[in-house]
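# Structural features, examined
Next come the chains, spelled out residue by residue.
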Amino acid sequence: DTQAIQAIDGAHYLHPFTDNQALGKKGARVMVKGEGIYVWDSEGHKILDGMSGLWCVNVGYGRKELADAAYKQLLEMPYYNSFFQTTNIPAAQLAKLLTEVTPPQFNHVFFSGSGSEGNDTVVRMVRRYWDLLEQPQRKVIISRHNAYHGSTMCGASLGGMSGMHAQGDLPIPNITHIEQPYWYENGRDMDPDAFGIKAAGWLEAKILEVGPEKVAAFIGEPVQGAGGVIIPPKTYWPEIQRICDKYGILLVSDEVICGFGRLGEWWGCEKFGYKPDLMTFAKGVTSGYVPLGGVMVGDRVANVLLEKGGEFNHGYTYSGHPVACAVAIENIDIIRREHLVEKVREETGPYLKEKFEALADHPLVGIAETCGLVAGLVLVKDKKTLEAFDSALEVGMVCRGHMFGNGMIMRAVGDRMIIAPPLVITRAQIDEMVALIRLCLDKTYEDLKQ
Ligand code: PLP
């Protein structure tokens, strides 16, 4: 029963990114079932999951095919590692499959158990690459404020979340950050395309400040997810590419959220037109059903690692886990046979754009924008000037509370409300979702009047 679970949960389970003392008093909502885009709690409430869990349940809940793939593999060969000149069938097959669904420069993959571990792998691989090229002084990796790249020491250091840096003396040395390409916060006085060029210019300024001979790589999410669905102007990424090429630094795309169709292309870098050397993935690779992540390694890096030889002293017990890989193969097959990427590009993405961006007529909404199946809107005090609310009012949290109470999960990042629904969402379900958002915007507006 719900209370019994809440009691043991509160007594023993330290939840991630949670004030556990407060949660212990309140009791966590117990999620028990999922089907399609909906989840149910233990009290029988049906909830539209506007966030696909944590941006991961791309093919939706309740896919028997994925359970079958896991079960079959669990019986046949539940675990074997690839450390000591051994491999397993799903890992090898998935490695090949991933090279088919990624841009042509990617012919190799390194597996991890999560996105954070994938980004740790990036840091170590980038350093190994430059060491092998006898440029060991190239150690600095440039990232962005408000980025999220995971919770391990490297992941949180690459990330630009000040709250995470404050706990644990981060970032680690040789990781530095530039400002994010967020037009609303950093460029409202400019035309968005001109702002995109300006924001990319911050990378060049940082390279010159650090010294180009010391810079190893730049890393970014195509669309910053956890930072609040920050959709860059279309000019941004091509300019970032030009700057990376100019100084010969590696370009890393963290596709943990954007990969596997979320933006209406297989990869965010395809959507924004750039060519990364390394690409981190996780989440959508198994639709979150089992943990798996990794790094796609482009030819530029792979050729050096392979030709110069020697052992890369890095790996995880669960690198290439056969059960996770078997689920990933089936998951990618579902994405392909149900044409989910094309569906987002041609049907549901444009439909969400039309419906979600229409929310901009609401008195509380300053900006409403989408990219494929991610979307964000900014709650503002003044629609004309886009003046923000006093952060102490926590308007975003109020709105999030209404959403949760009315049967939908929508995330609040400050006063930016964001969604990333499963890629299997239909037009009718988009209508339902947008209607719920409007209802809760109204309720939030009423609260503010009081
Ligand atoms: N990179 C990005 C862009 C993410 O959004 C996340 C998680 O949200 C991660 C990395 C970390 O992935 P994980 O939580 O699987 O370690």
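Residues numbered from 1 in each chain as written. Predicted model: local features only at pLDDT ≥ 70, side-chain atom pairs only at ≥ 80, totals over all residues.

Under the annotation held in an unreviewed UniProt entry, the protein carries the name Putrescine aminotransferase and is attributed to Niveibacterium umoris. UniProt's Cofactor (unreviewed entry) comment on the protein is quoted here verbatim: "pyridoxal 5'-phosphate". (UniProt positions renumbered as here; feature names shortened; annotations may be inferred.)

## A look at the domain arrangement of the protein
Domain annotation for the protein reports domain 1 (36-59 + 339-449) and domain 2 (65-337). Between the C-alpha centres of domain 1 and domain 2 there is a distance of 27 Å. Taken residue by residue, the interface counts 27 residues in domain 1 and 23 residues in domain 2. When contributions to the side of domain 1 that touches domain 2 are tallied by element, the ones reaching two or more residues are α3 (52-55), α15 (340-357), β11 (365-371), β12 (374-379) and β15 (416-419). With 5 residues, α15 is the single largest residue contributor to the side of domain 1 that touches domain 2. The residue makeup of the side of domain 1 that touches domain 2, split by class, is 18 nonpolar, 6 polar and 3 charged. (Domains from an automatic or database assignment. Contact = placed C-beta atoms within 7 Å. Helix = DSSP H or I, 4+ residues; strand = E, 2+ residues; numbered from the N terminus. Nonpolar A, V, L, I, M, F, W, Y, C, P; charged D, E, K, R; others polar.)

## Quick notes on unusual backbone geometry
The residue after Leu170, namely Pro171, is reached through a cis peptide bond having omega 0 degrees. Relative to the helices and strands, Pro171 resides in the loop between α8 (162-166) and β6 (175-178). Its identity as a non-glycine residue notwithstanding, Asn146 has a phi of 70 degrees, on the positive side. The residue Asn146 is located in the loop between β5 (140-144) and α7 (153-158) in this model. Look at Asn146 and you get buried, because 20 C-beta atoms sit within 10 Å. Residues other than glycine seldom take positive phi values, yet Phe260 does so here, at roughly 60 degrees. Inspection of the secondary structure assignment puts Phe260 in the loop between β8 (250-254) and α12 (268-272). (Buried ≥ 20, exposed ≤ 12 C-beta atoms within 10 Å, placed from the backbone.)

## Side note on the confidence of the model for the protein
In this model, the protein carries an average pLDDT of 97, and 100% of its residues clear a pLDDT of 70 or more. No element of the protein has a lower mean pLDDT than helix α2 (residues 20-26), at 92, and none a higher one than β8, at 99. (pLDDT = per-residue confidence, 0-100.)

## Some thoughts on the environment of Leu14
As for its placement among the helices and strands, Leu14 is situated in the loop between α1 (2-12) and α2. With 324 residues separating them along the chain, Leu14 and Glu338 place their C-alpha atoms 38 Å apart.

## Quick notes on the site of the ligand
The environment of the ligand is made up of 16 residues, and the closest members are Ser114, Gly115, Ser116, Gly150 and Val256. For the shell around the ligand, the element with the most residues is helix α6 (residues 115-132), which contributes 3 residues. (Near = placed C-beta within 6 Å.)

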